[in-house]
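A look at the structure
Each chain, written out:
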Amino acid sequence: MDQTHKQLSLYGLDSSKLLKDPQFAWVHPEVIQDLSGLHLAAKAAGFDLQVYSGYRDFQQQLTIWNNKWHGRRPILDANSQALDIIQLSDQQKMQAILRWSALPGASRHHWGTDFDFYDPSLLPKEETLQLIPQEYATGGCQSSLSEWLQANAADYHFFYPYRRFQGGVEFEPWHLSHWPSSEKLLANLDARQILQHLKEANAAGFSCIEQNIEQIMTQYVRNICLPEK
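Below is a short write-up of the structure. Everything numeric in this text was worked out from a predicted model, so none of it was measured.

Before going further, it helps to examine the overall build of the protein chain. Scanning the protein chain from terminus to terminus reveals nine helices and six strands. Taking 2.2 N^0.38 as the reference for a compact globule, 229 residues should give roughly 17 Å; the C-alpha atoms of the protein chain span a radius of gyration of 17 Å, in line with that estimate. Its C-alpha atoms put the protein chain at 50 × 45 × 35 Å along the principal axes. Burial status across the protein chain gives 50% buried among its 229 residues. For the protein chain, the exposed area adds up to about 11,400 Å²; of that, 48% sits on carbon and sulfur atoms. Across the protein chain, the 19 positively charged side chains and the 26 negatively charged ones have centroids separated by 4 Å.

Another aspect to go through is the side chain of His175. Relative to the helices and strands, His175 resides in strand S6 (residues 175-178). Residue His175 is classed as buried on the basis of its relative accessible area of 2%. In this structure the side chain of His175 is engaged in a polar contact, spanning 2.7 Å, whose partner is the side chain of Asp114. A distance of 3.1 Å separates polar atoms of two side chains, one belonging to His175 and the other to Glu172. Dropping the residues within four chain positions of it, His175 is found in contact with Arg108, His109, Asp114, Phe115, Asp116, Phe159, Tyr160, Pro161 and Tyr162.

Following the criterion strictly, the structure yields nine aromatic pairs and no others. Between Trp65 and Trp69, the ring centres sit 6.3 Å apart and the planes meet at 20 degrees, which makes this aromatic pair stacked. Within this pair, Trp65 and its partner Trp69 are both found in helix H3 (residues 58-69), separated by four residues, close to a single helical turn. Across the pair, exposure class does not vary: Trp65 and Trp69 are buried alike.

This part covers the nonpolar core. Counting residues in each nonpolar core, the largest one holds 35 residues, and the members touching the most others are Trp65, Met94, Leu103, Leu189, Leu198 and Ile209. At the level of elements, H3, helix H4 (90-100), helix H6 (179-188), helix H7 (191-200), helix H8 (206-211) and helix H9 (213-221) are the ones that each hand at least two residues to this core. With five residues, the top contributor of residues to this core is H9. Not counting chain neighbours up to four residues away, the residues in contact with Ile209 comprise Trp65, Met94, Leu103, Leu195, Leu198, Ala204 and Ile216.

This part covers the pairing of S6. Alternating residues of S6 divide into His175 and Ser177 and Leu176 and His178, and every residue in both groups is buried. Here strand S4 (residues 114-118) pairs with S6 via three bridges, running antiparallel. Across the sheet, residue Asp114 finds its bridge partner in S6, namely Ser177. By the bridge criterion, two bridges tie strand S5 (residues 158-159) to S6 in an arrangement that is antiparallel. Within the sheet, the bridge partner assigned to Phe158 lies in S6 and is His178.

Assignment of secondary structure puts His28 in the loop between strand S2 (25-27) and helix H2 (32-44). The exposure class of His28 is buried, given its relative accessible area of 14%. His28 sits 10 residues away from Leu18 along the chain, and the two C-alpha atoms are 5.0 Å apart. Among the polar contacts made by the side chain of His28, one reaches the main-chain amide nitrogen of Glu30 at a distance of 3.0 Å.

Next up on the list: the sheet that holds S4. An order of S3-S4-S6-S5 is seen for the four strands of this open sheet, with the pairing classed as antiparallel. Both outer strands of the open sheet, strand S3 (50-53) and S5, are each paired with one neighbouring strand and no more.

At Ala25, a residue that is not glycine, the phi angle is positive and equals roughly 65 degrees. Mapped onto the elements, Ala25 comes out in strand S2. Backbone geometry places Ser80, a non-glycine residue, at a positive phi of 65 degrees. By secondary structure assignment, the location of Ser80 is in the loop between H3 and H4. Classification of Ser80 as buried rests on a relative accessible area of 15%.

Attention now goes to the packing of H4 against H9. For the pair H4 and H9, the least separation of the axes is 11 Å and the interaxial angle reads 30 degrees. Taken together, H4 and H9 sit at an angle that is classed as roughly parallel. Remark: the crossing between H4 and H9 carries right-handed chirality. Contact residues: H4 offers Gln91, Met94, Gln95, Leu98 and Arg99, while H9 offers Gln215, Ile216 and Tyr220.

Reading the values: rules and limits
- Residues numbered from 1 in each chain as written.
- Predicted model: local features only at pLDDT ≥ 70, side-chain atom pairs only at ≥ 80, totals over all residues.
- Heavy atoms only, no water.
- Helix = DSSP H or I, 4+ residues; strand = E, 2+ residues; numbered from the N terminus.
- Rg over C-alpha atoms; globule rule 2.2 N^0.38 Å.
- Buried < 20%, exposed > 50% of the residue type's maximum accessible area, 1.4 Å probe, protein only.
- Areas by Shrake-Rupley, 256 points an atom, 1.4 Å probe, with all protein chains shown as cover.
- Lys, Arg positive; Asp, Glu negative; His and termini not counted.
- Charge placed at Lys NZ, Arg CZ, Asp CG, Glu CD.
- Polar contact = N/O pair within 3.5 Å; in protein donor to acceptor, adjacent residues only side chain to side chain.
- Contact = heavy atoms within 4.5 Å.
- Phe/Tyr/Trp six-rings, centres within 6.5 Å; stacked < 30°, edge-to-face > 60°.
- Core = buried A, V, L, I, M, F, W, Y, C linked by side-chain atoms within 4.5 Å.
- Pairing = 2+ DSSP bridges.
- Axes fitted to C-alpha atoms, helices over the stretch in contact; angles between N-to-C directions.
- Parallel < 35°, antiparallel > 145°, perpendicular 65-115°, else oblique.
- Left-handed = near helix turned anticlockwise from the far one by under 90°.

The following block contains the structure:
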């Protein structure tokens, strides 16, 4: 991969080097074999393992961010309840968004290495996935799949970057990441490049982001749960 493509793909601005897979959409080339293996193992165990959300480019993540900033999409608290953004300062609003949604340019979903998994056959009739922790907890509709993934995902080099809340991104029991590939990509992220792309895109709340970028990188981007030994 040449340097330009490599840099742009890191920030969700170029998907040309990802693989277009009919089952999983855009996937990093180093991930496809393990992802296929995980899928087949889940199928053998009786699960229809599907990707609810995988690759998202910069523009998709920017749309999510801008909609939340401007109140067109709810910002949730730790209990998955909508916050009243009118009561929040810009910094409080930024931090509330970052608990559940990555900063555009810094999302793990830009890489084709991270996936939000679910089994549509486990959903109650006529219900759609809300992607909240309660669905994956004991008694939730996705709990059996969640238990199976916790026991088996590491065999295919997947781990839970948000296995528990560590003061940054909230607990996300649906989000798995391919360690060998994502580790290298995370290490290469450059805060200055992220700011440049956000400025060029007129991202909502840019001045607040710019003032707090180092905190964002430390608290929300690099602050992940490492794979369990």
